[in-house]
Amino acid sequence: MKSKRAPWAWLGAWALLAVFPVAASTPDEPEISGSMVGLLDGEEREWFIVSQGTDSNATFVELGDQVTIDLVGFVEPDDWQVRDSLSLSITLVEGEVTSFDVLHPIGATAMPPVFTSDNASVQLNLNAFDLQGSKVHLTGSVEGTLALQKELGEDAIADEGIDISVKFDAEASRIEY
């Protein structure tokens, strides 16, 4: 036997929509805050650096004279999959680049196998670094050969690497603790 209340069940959903607007339940649209474009293993590639609401794939932290910037680019701006992403971490002390890391995961996680700048011949050129309040705009390029790291704990092997020649242009957001 059917309940007499069943035909009225849809009124509850409509009542909720009237109280809570649809826009409030929709997540912020992804916004492109930068890109990395160039050649990877001889193939033209582009990675999108995206922010969505308070989440950003371009961030920086300031600790005294040291600034660490992390950029992560994804193949699709609305699909943040680790596979085939490109990650760049840059550390500056008193405005000078003191270290950087490049990582290109070829699996579903950032764990090996990956192509990395560890034990590799990669050069970073930082063309612009403009810090304005809680944002930093930076441009530059990465060129050389990334090494293949097959297993966690093993050294990356330069002989099994891939060439990289990529330019980046991004706006990173400050992480506040």
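As the structure is a prediction and not an experimental result, all values here were calculated from the model.

## What about the overall build of the chain?
When its secondary structure is counted, the chain shows two helices and ten strands. Overall, the chain shows an N-to-C arrangement of helices and strands of α-α-β-β-β-β-β-β-β-β-β-β. Residues classed as buried in the chain amount to 32% of the 177 residues present. Restricting to contacts in the chain with at least 6 residues of sequence separation, those with at least 24 account for 52%. Put simply, the chain shows about 10,900 Å² of open surface, and 52% of that area lies on carbon and sulfur atoms.

## Focus: the pairing of strand S10 (residues 157–174)
Where strand S1 (residues 31–40) lies against S10, seven bridges are found, and the strand directions are antiparallel. Following the sheet pairing, Met 36 is matched in S10 by Phe 168. Here two bridges tie strand S4 (residues 58–63) to S10, and the two strands are oriented parallel to one another. Residue pairing for S10: Thr 59 is matched across the bridge by Ser 173.

## Quick look at the nonpolar core
Nonpolar side chains tend toward joint burial in soluble globular proteins. Counting 28 residues, the largest nonpolar core has Leu 71 and Phe 168 as the members making the most contacts within it. Tallying contributions element by element places S10 first for this core, with six residues. In contact with Leu 71, other than residues within four places in its own chain, are Met 36, Ile 49, Asn 57, Ala 58, Leu 86, Ser 87, Leu 88, Leu 138, Phe 168 and Ala 170.

## Describing a negative patch on the surface
Where like charges cluster on the molecular surface, the negative patch consists of Asp 28, Glu 29, Glu 76, Asp 78 and Asp 79. Mapping Asp 78 onto the fold places it in the loop between strand S5 (66–73) and strand S6 (86–93).

## Description of the environment of Ala 120
Tracing the backbone shows Ala 120 in strand S8 (residues 114–132). Under the relative-accessibility criterion, Ala 120 is labelled partly exposed at 26%. On a C-alpha basis, the gap between Ala 120 and Ala 147 in space is 5.2 Å, while along the polypeptide they are 27 residues apart. Setting aside residues up to four positions removed in sequence, Ala 120 forms contacts with Thr 145, Leu 146 and Ala 147.

## Side note on empty space enclosed by the protein
Gaps left between atoms show up when a probe the size of a water molecule is rolled over them. One pass over the structure, following the stated rule, counts one cavity of 30 Å³ or more. Taken as a whole, the largest cavity spans an internal volume of roughly 30 Å³. If you go around the largest cavity, the residues you meet are Met 36, Leu 86, Leu 88, Val 102, Val 142, Ile 164 and Val 166. Elements supplying a minimum of two residues to the lining of the largest cavity: S6 and S10. Residues that form the lining of the largest cavity fall into these classes: seven nonpolar, no polar and no charged.

## Some words on the confidence of the model for the chain
Counting all residues, the mean pLDDT for the chain is 84, and 85% of those residues have values of 70 or more. In this model, residues 1–26 is a region of pLDDT below 50 whose contacts with residues beyond four sequence positions or in other chains number one contact.

## Comments concerning the pattern of salt bridges
One pass over the structure, following the stated rule, counts two salt bridges. Of the charged contacts in the structure, one is a salt bridge between Glu 62 and Arg 174, with a shortest N-O distance of 2.3 Å. Here Glu 62, found in strand S4, pairs with Arg 174, found in strand S10; they are 112 residues apart in sequence, far enough to count as distant. Arg 174 sits in the partly exposed class, given a relative accessible area of 23%.

Definitions and cut-offs
- The written sequence of each chain sets the order in which its residues are numbered from 1.
- Reporting of local features is limited, given that this is a predicted model, to residues whose pLDDT is at least 70; pairs of side-chain atoms are given and counted only at 80 or more, and all residues count toward the totals for whole chains, interfaces and linings.
- Each side-chain value is derived from all of the structure's non-hydrogen atoms; neither hydrogens nor water enter the calculation.
- Here a strand is any run of E in DSSP of at least two residues, a helix any run of H or I of at least four, and the numbering for each starts at the N terminus.
- For every residue, the accessible area (1.4 Å probe, protein chains only) is compared with the maximum for its type, and the residue is labelled buried under 20%, exposed over 50%, or partly exposed between those bounds.
- Every residue pair with non-hydrogen atoms within 4.5 Å of one another is taken to be in contact.
- Calculation of accessible area relied on Shrake-Rupley with a 1.4 Å probe; when residues are assessed, cover is drawn exclusively from the protein chains displayed.
- In short, DSSP must find at least two bridges between two strands for them to pair.
- To qualify as a nonpolar core, a set must consist of buried Ala, Val, Leu, Ile, Met, Phe, Trp, Tyr and Cys residues joined through side-chain atoms within 4.5 Å.
- Patch definition: residues above 30% relative accessible area lacking any salt bridge, with like charges linked at up to 9 Å and the nonpolar side chains Val, Leu, Ile, Met, Phe, Trp and Tyr linked at up to 5 Å.
- By definition, a salt bridge exists where a carboxyl oxygen of Asp or Glu is found within 4 Å of a side-chain nitrogen of Lys or Arg.
- In this tally Asp and Glu are treated as negative and Lys and Arg as positive; neither His nor the chain ends contributes.
- All charge positions are set by atom: Lys at NZ, Arg at CZ, Asp at CG, Glu at CD.
- Cavity means a closed set of points on a 1 Å grid over the protein atoms alone, one where a 1.4 Å probe fits but cannot get out, pocket means an open set with protein on both sides within 12 Å along at least 5 of 7 lines, and lining means a residue has an atom within 4 Å of a point.
- Grid points are joined across faces, edges and corners, and a volume is the space filled by probe spheres set on the points.
- Under this grouping Gly is polar, as are all residues other than the nonpolar Ala, Val, Leu, Ile, Met, Phe, Trp, Tyr, Cys and Pro and the charged Asp, Glu, Lys and Arg.
- As a per-residue measure, pLDDT reflects the predictor's confidence and takes values from 0 up to 100.

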